[in-house]
Amino acid sequence: MTTQPHGSPAEQIEVDWSWTSSDDGWIPPDIDASKPSAARMYDYAIGGKDNYEVDRRAVHEVAGLVPDFRACALANRGFLIRAGHALAELGIDQFIDLGSGIPTSPNVHEVAQVFQPDARVVYVDNDPIVMTYNRALREPGPGVLALNHDLRRPHSLIDDSKLRNHLDLDRPVGLLMVAVLHFVRREIAVKVLEQYRKLLPEGSYLAVSVVCADGTEPAVIERLEQVFQASSTPFVARSTAQVEQLFDGSELIEPGLVDVTQWRNPGQPLPIRMLSGVARIS
Ligand SMILES: C[S@@+](CC[C@H](N)C(=O)[O-])C[C@H]1O[C@@H](n2cnc3c(N)ncnc32)[C@H](O)[C@@H]1O
């Protein structure tokens, strides 16, 4: 697990080396370490150690073209933290974190509980390694539930009795889809979001960050597509208009749809452009 200073999107990170290394020779039986995984690559990129050689090699392939790849990943975490704080300040005290990734501190429940001490969070991912770490590291936390689901099946997730016992779906929810939709085909993502909008209570919020092809060098997009082709989660790039489409049926709050570095932050654009926004589902 990595630890990051609050509100610090990039550069310095502190790594919590106390957690067991994935390279200690033992690989859990349900983990496929023969091909890279988005969760483990991202973990490596932000300074974690829950990854394998195959993941590190894949990250280096991207970093060969984008030396500050790590800064891009950390800038995304910065958005996640600021969006979580903003939603908690708006009174949201229950969250569904779709594509939660390997635990990284501060986790969403830690961010939300700064403003909402009783906040409840459901972490969702479909990568078995994430579930292993979610259960070990996040679930012992107060108000936390970890579920193994594919976000592309909103009904199956929202109807899960464990989720329904954990959250009160008569009250607004913060739905987080941070750095995950570029692993979901464009037309599927639009339909999936439409379903979540219908399934979640009025007044719920959506927070999204996603890679945008406009503003990213075509060679970088091509490299991302190649690298992720070998993984279990092929990469999909979107134009600005295609990112805007993800927010159809919801109302963006200030500052609208902007680079992750610039969402309520005075940051500079980065070589992998990630657009981000937080919107009220109407
Ligand atoms: C790049 S990580 C992002 C982690 C975290 N949201 C963040 O921004 O720090 C993307 C995560 O999405 C997960 N993921 C990809 N496709 C998914 C799907 N269809 N359903 C659930 N999780 C998915 C991956 O396993 C990975 O853990």
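The structure this text deals with has already been given above.
Structure report, in brief. (Residues numbered from 1 in each chain as written. Predicted model: local features only at pLDDT ≥ 70, side-chain atom pairs only at ≥ 80, totals over all residues. Heavy atoms only, no water.)

Here we look at the nonpolar core
Reasoning step 1: Ranked by size, the top nonpolar core spans 48 residues in total, and within it Phe79, Phe95, Leu176, Trp263, Ile272 and Val278 carry the most contacts.
Reasoning step 2: For this core, the leading source of residues is helix α3 (residues 69–89), giving ten residues.
Reasoning step 3: Residues contacting Val278, with those up to four places away along its chain left out, are Phe79, Ala83, Leu87, Tyr205, Leu206, Ala207, Phe247, Glu251, Leu252, Ile253 and Trp263.
Reasoning step 4: Listed in part, the 33 residues of the second largest apolar core include Ile96, Val122, Leu167 and Ile281. (Core = buried A, V, L, I, M, F, W, Y, C linked by side-chain atoms within 4.5 Å. Buried < 20%, exposed > 50% of the residue type's maximum accessible area, 1.4 Å probe, protein only. Helix = DSSP H or I, 4+ residues; strand = E, 2+ residues; numbered from the N terminus. Contact = heavy atoms within 4.5 Å.)

Section: the site of the ligand
Reasoning step 1: In the vicinity of the ligand there are 19 residues, among which Tyr42, Arg77, Gly99, Asp125 and Val178 approach most closely.
Reasoning step 2: Interatomic distance of 2.7 Å between a side-chain N/O atom of Arg77 and an oxygen atom of the ligand.
Reasoning step 3: One of the backbone N or O atoms of Val178 is found 2.8 Å from a nitrogen atom in the ligand.
Reasoning step 4: The cavity where the ligand resides is the largest pocket. (Near = heavy atom within 4 Å. Polar contact = N/O pair within 3.5 Å; in protein donor to acceptor, adjacent residues only side chain to side chain. 1 Å grid on protein atoms, 1.4 Å probe; cavity = no way out; pocket = protein on both sides within 12 Å on 5 of 7 lines; lining within 4 Å. Sits in = over half its atoms within 2 Å of the grid points.)

Observations regarding the pairing of strand β11 (residues 274–281)
Reasoning step 1: By the criterion of burial, β11 is predominantly enclosed, with seven of the eight residues buried.
Reasoning step 2: Inspection of the sheet shows strand β8 (residues 205–211) paired to β11 by seven bridges, in the antiparallel sense. Opposite Tyr205, over in β11, you have Arg280 as the bridge partner.
Reasoning step 3: In this sheet, β11 lies alongside strand β9 (residues 250–252) in antiparallel orientation, the contact comprising three bridges. The partner of Glu251 across the bridge, within β11, is Arg280. (Pairing = 2+ DSSP bridges.)

Some remarks on the packing of α3 against helix α4 (residues 108–115)
Reasoning step 1: Packing of α3 against α4 brings their axes to within 8 Å, and their N-to-C directions diverge by 35°. Read as a crossing pair, α3 and α4 show a hand that is right-handed. Residues Leu80, Ile81, Gly84, His85, Ala88 and Glu89 of α3 touch α4, and the partners they reach there are Val108, Val111, Ala112, Val114 and Phe115.
Reasoning step 2: Of the residues in the contact of α3 with α4, the class split is eight nonpolar, two polar and one charged. (Axes fitted to C-alpha atoms, helices over the stretch in contact; angles between N-to-C directions. Left-handed = near helix turned anticlockwise from the far one by under 90°. Nonpolar A, V, L, I, M, F, W, Y, C, P; charged D, E, K, R; others polar.)

As for helix α9 (residues 218–229)
Reasoning step 1: Compared with the 16 Å implied by 1.5 Å per residue over twelve residues, the 16 Å span of α9 between its first and last C-alpha is a close match.
Reasoning step 2: Among the structural elements, α1 (38–45), α2 (53–63) and β8 are those in contact with the buried residues of α9. (Expected span 1.5 Å × (residues − 1).)

With respect to unusual backbone geometry
If a residue is not glycine, its phi is most likely negative; likewise, a peptide bond is most likely trans.
Reasoning step 1: Pro106 follows Ser105 through a cis peptide bond whose omega is 5°.
Reasoning step 2: Looking at the element boundaries, Pro106 is found in the loop between β4 (104–105) and α4.
Reasoning step 3: With an omega dihedral of 5°, the bond running from Glu254 to Pro255 counts as a cis peptide bond.
Reasoning step 4: Within the element layout of this structure, Pro255 appears in the loop between β9 and β10 (258–259).
Reasoning step 5: The backbone of Ala179 sits at a positive phi, close to 55°, despite the residue not being glycine.

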